[in-house]
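Results of the structural survey
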Amino acid sequence: MNKIPWWKKSVVYQIYPKSFYDANGDGIGDLQGIIKKLDYLVELGVDVLWLNPIYRSPQVDNGYDISNYHEIEPELGNMADFNELLKKAHEKNLKIILDLVVNHTSDQHPWFKQAKKSKSNSYHDYYIWKAPVDQHAPNNWGSSFGDSAWTYEKDIAEYYLHLFAKEQPDLNWENKKVRNEIYNLMRFWLDKGIDGFRMDVISLISKDPAYLDGPIIQNKKYGSYYAGAANGPRVHEYLREMNHEVLTQYDIMTVGETPHTTVEEATKYTAAHNHELNMVFHFDHMHLDYGKNGKFSTKRFSLSALKQVFTNWQEGMAQHDGWNSLYWSNHDQARPVTRFGTDKHEYREAAAKMLGTILHMQQGTPFIFEGEELGMTNTRFKSISDYNDIETKLIYKDFTENKHLSADYAMETIYLKSRDNARTPVPWSAEDNAGFSAGKPWILPNPNYEQINVEKVLSDRNSVFYYYKRLIELRHKLPIITTGKYCLLNPQDEDNYSFLRETDDEILFVTGNFTEKKLVVDLPDSLTELEGKLIISNFSALGTVLKQLELPAYGTAVYLFTKS
Ligand code: NOJ
């Protein structure tokens with residue numbers, strides 16, 4: 001049997017560098033700040049750190065608009081800091097993966113500055129340009145942030161495409177010169193010894209050359225670009241080329257961010273024999289609480305739908321030799337306790353542990369977003385001017401000005417969905433500025449930092465932090481968590497999520513209560529002849545289990561059964 005690759009047995013911790021820890025007191029987290037906190041991450045027990053973009057950038061989209069791929073953003077430090085971070089992390093057995101943002105660059109990148117000079121400039125074809133059609137943009141596509149996806153450059157009488165902000169022009173992957181530039185910059189970082197990449201919106205790099213109008217969905221002003229840009233005609237060809245020319249030369253991990261990707265499509269990206277990526281981030285569970293205006297809504301998910309999503313992905317990846325990434329949150333999403341559990345003081349910690357259990361006991365590579373191990377919640381800033389995120393600001397404008405929705409409603413949806421919920425500084429202590437910075441933080445800390453902070457969780461053996469630490473230890477200790485077959489138990493139940501993981505010799509029974517009520521959970525018949533031993537729970541559960549189990553509010557427990 002093939003050896004199991006390291007990334008299948010690893011747990012990844014995501015660091016949003018600007019918000020992690022500020023070592024120089026300028027209010028912005030930095031690379032030296034990460035170095036100072038490496039021992040904290042060692043204590044948690046994670047294997048890999050994923051850093052959001054650290055390259056030079058005008059910061060229109062917090063680093064996802066890159067103007068130089070070979071330099072470090074000065075707000076975060078310099079190359080010497082990065083080299084030191086990589087070396088120190090490796091000495092502590094922590095791997096580092098970087099964000100690869102190559103669907104687009106910044107409009108301040110030298111390539112784009114050249115490209116917009118003239119149609120005959122040798123960089124012009126590095127980007128996607130179209131002549132106006134009837135004095136309008138070439139099609140009706142809207143960008144992910146709400147405005148048109150096309151911006152007109154009047155000096156050369158052409159539109160350029162940007163699926164995100166107008167300061168993020170899309171690269172033209174059809175041009176082999178562009179692909180070679182990208183492969184070179186990847187080699188630059190890999191040769192430094194980094195351990196892989198998270199690839200930003202990699203499912204969008206190949207556009208259908210027809211550039212047809214897209215349907216208007218979610219009450220938007222512009223058409224959707226998904227049919228013409230997601231999982232486009234050459235995306236798999238490009239990734240195989242990248243794999244062949246670059247990835248396969250290194251012992252690394254890759255995770256593609258793939259909006260609008262179904263299980264079926266994802267198996268093409270991740271099946272080992274396809275030689276593309278190791279795993280992808282899908283969005284199916286993130287879409288469960290979309291409302292008629294899309295992401296910014298007050299709708300709550302239903303548990304049966306969540307179970308169906310996770311189950312489809314668990315079964316689909318296993319059947320097709322693919323591999324799952326497992327995540328509740330990241331820098332673009334709300335805090336999971338608020339979104340999938342509860343903020344209520346009396347249940348918050350139980351809910352955080354329960355959610356962690358349901359995710360970490362699945363098959364795949366778990367990703368923990370900074371602060372999740374503290375059970376951090378969403379935040380409610382008083383005014384829209386306290387928010388920093390470009391998406392949040394544009395939504396507020398769209399809701400209040402174009403859609404004539406009330407400011408209160410707009411703020412309610414922002415409290416639930418703004419990306420800034422995830423971007424508030426990591427609260428290190430109850431001191432000023434949550435112990436994050438000696439200066440004024442670039443974004444306000446979550447006001448509950450006196451109750452939820454690192455110092456506090458480290459001084460309490462029952463904290464969410466130590467629970468996450470045990471979840472990680474269990475994954476390292478019990479191969480069944482990596483290899484066991486997943487089986488959902490009660491698909492329609494809206495309160496309880498229970499599933500099995502099974503190998504030839506063992507069965508793991510995982511259960512979680514998503515409500516404030518007490519629940520009685522029946523074990524499946526196949527387990528009632530066996531005796532299960534408790535391996536983790538967030539309440540004082542019985543050490544062994546027979547036919548039934550009582551779960552308190554947001555209770556969770558995992559039992560291991562040995563087949564006779
Ligand atoms: C996805 C990233 O996660 C998000 O933060 C960013 O705004 C877009 N891609 C554009 O790069």
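Residues numbered from 1 in each chain as written. Predicted model: local features only at pLDDT ≥ 70, side-chain atom pairs only at ≥ 80, totals over all residues. Heavy atoms only, no water.

1. Here's the deal with the overall build of the chain
The helix and strand tally for the chain stands at 19 helices and 21 strands. For 564 residues, the compact-globule estimate of 2.2 N^0.38 gives 24 Å, and the chain sits close to it at 23 Å. Seen through its C-alpha atoms, the chain measures out along the principal axes to roughly 75 × 55 × 50 Å. Surface summary for the chain: the accessible area is close to 22100 Å², and the carbon and sulfur share equals 48%. Where the 62 positive side-chain charges of the chain centre and where its 77 negative ones centre are 0 Å apart. (Helix = DSSP H or I, 4+ residues; strand = E, 2+ residues; numbered from the N terminus. Rg over C-alpha atoms; globule rule 2.2 N^0.38 Å. Areas by Shrake-Rupley, 256 points an atom, 1.4 Å probe, with all protein chains shown as cover. Lys, Arg positive; Asp, Glu negative; His and termini not counted. Charge placed at Lys NZ, Arg CZ, Asp CG, Glu CD.)

2. Remarks on the sheet that holds strand β21 (residues 556–562)
Sheets are built from strands that pair by backbone hydrogen bonding, the pairs being arranged parallel or antiparallel. Here we have 6 strands laid out as an open sheet, ordered β14-β15-β16-β21-β18-β19, and antiparallel in their pairing. Strands with a single pairing partner mark the edges of an open sheet, and in this sheet they are β14 (485–488) and β19 (544–545). Across the sheet, helix α12 (residues 348–360) touches β15 (496–502), β16 (506–513) and β21, and the angle it forms with β16 is around 145°. (Pairing = 2+ DSSP bridges. Contact = heavy atoms within 4.5 Å. Axes fitted to C-alpha atoms, helices over the stretch in contact; angles between N-to-C directions.)

3. As for the nonpolar core
Residues Tyr13, Leu41, Val46, Leu98, Met186 and Met253 are the most contacted members of the largest nonpolar core, which totals 150 residues. Counting residues per element, this core draws most heavily on helix α17 (residues 464–477), at 8 residues. Every residue in contact with Val46, bar those within four places of it in the chain, is listed here: Val11, Tyr13, Leu41, Leu94, Ile368 and Ile472. Counting 17 residues, the second-largest nonpolar core is a separate cluster that includes Ile128, Trp141, Leu163 and Leu204. (Core = buried A, V, L, I, M, F, W, Y, C linked by side-chain atoms within 4.5 Å. Buried < 20%, exposed > 50% of the residue type's maximum accessible area, 1.4 Å probe, protein only.)

4. Brief notes about the domain arrangement of the chain
Here the domain parsing of the chain yields domain 1 (6–105 + 176–468), domain 2 (110–161) and domain 3 (484–562). On a C-alpha basis, the centres of domain 2 and domain 3 stand 55 Å from each other. (Domains from an automatic or database assignment.)

5. What to know about α12
Given a rise of 1.5 Å per residue, 13 residues ought to cover 18 Å, and the 18 Å separating the end C-alpha atoms of α12 matches this to within 8%. Those residues of α12 not exposed but buried are Arg348, Ala350, Ala351, Ala352, Lys353, Met354, Leu355, Gly356, Thr357, Ile358, Leu359 and His360. (Expected span 1.5 Å × (residues − 1).)

6. What to know about the layout of surface pockets
What the largest pocket holds in volume is close to 1000 Å³. In this structure, the largest pocket is lined by 48 residues; those nearest its centre are Ser143, Ser144, Phe145, Lys220 and Glu391. Per-element accounting of the lining of the largest pocket gives the leading share, 8 residues, to helix α13 (residues 390–402). By residue class, the composition of the lining of the largest pocket is 16 nonpolar, 16 polar and 16 charged. For the lining of the largest pocket, the two domains that each supply at least three residues are domain 1 (6–105 + 176–468) and domain 2 (110–161). Roughly 910 Å³ of volume is contained in the second largest pocket. In this structure, the second largest pocket is lined by 32 residues; those nearest its centre are Pro5, Trp7, Lys8, Ala272 and Asn278. Of all the secondary-structure elements, those providing two or more residues to the lining of the second largest pocket are α10 (303–319) and α18 (479–483). (1 Å grid on protein atoms, 1.4 Å probe; cavity = no way out; pocket = protein on both sides within 12 Å on 5 of 7 lines; lining within 4 Å. Points joined across faces, edges and corners; volume = space filled by probe spheres on them. Nonpolar A, V, L, I, M, F, W, Y, C, P; charged D, E, K, R; others polar.)

7. Focus on the site of the ligand
Within the structure, the ligand sits among 13 residues, and Asp61, His104, Asp200, His331 and Asp332 are positioned closest to it. Take Arg198: an N or O atom from its side chain is 3.0 Å from an oxygen atom of the ligand. Separating an oxygen atom of the ligand from a side-chain N or O atom of His331 is a distance of 2.8 Å. When the ligand is considered free in solution it has 300 Å² of accessible area, and contact with the protein chains removes 97% of it. When each cavity is represented as a set of grid points, the ligand is found to reside in the largest pocket. Here the residues of the shell around the ligand sort into 4 nonpolar, 2 polar and 7 charged. (Near = heavy atom within 4 Å. Polar contact = N/O pair within 3.5 Å; in protein donor to acceptor, adjacent residues only side chain to side chain. Sits in = over half its atoms within 2 Å of the grid points.)

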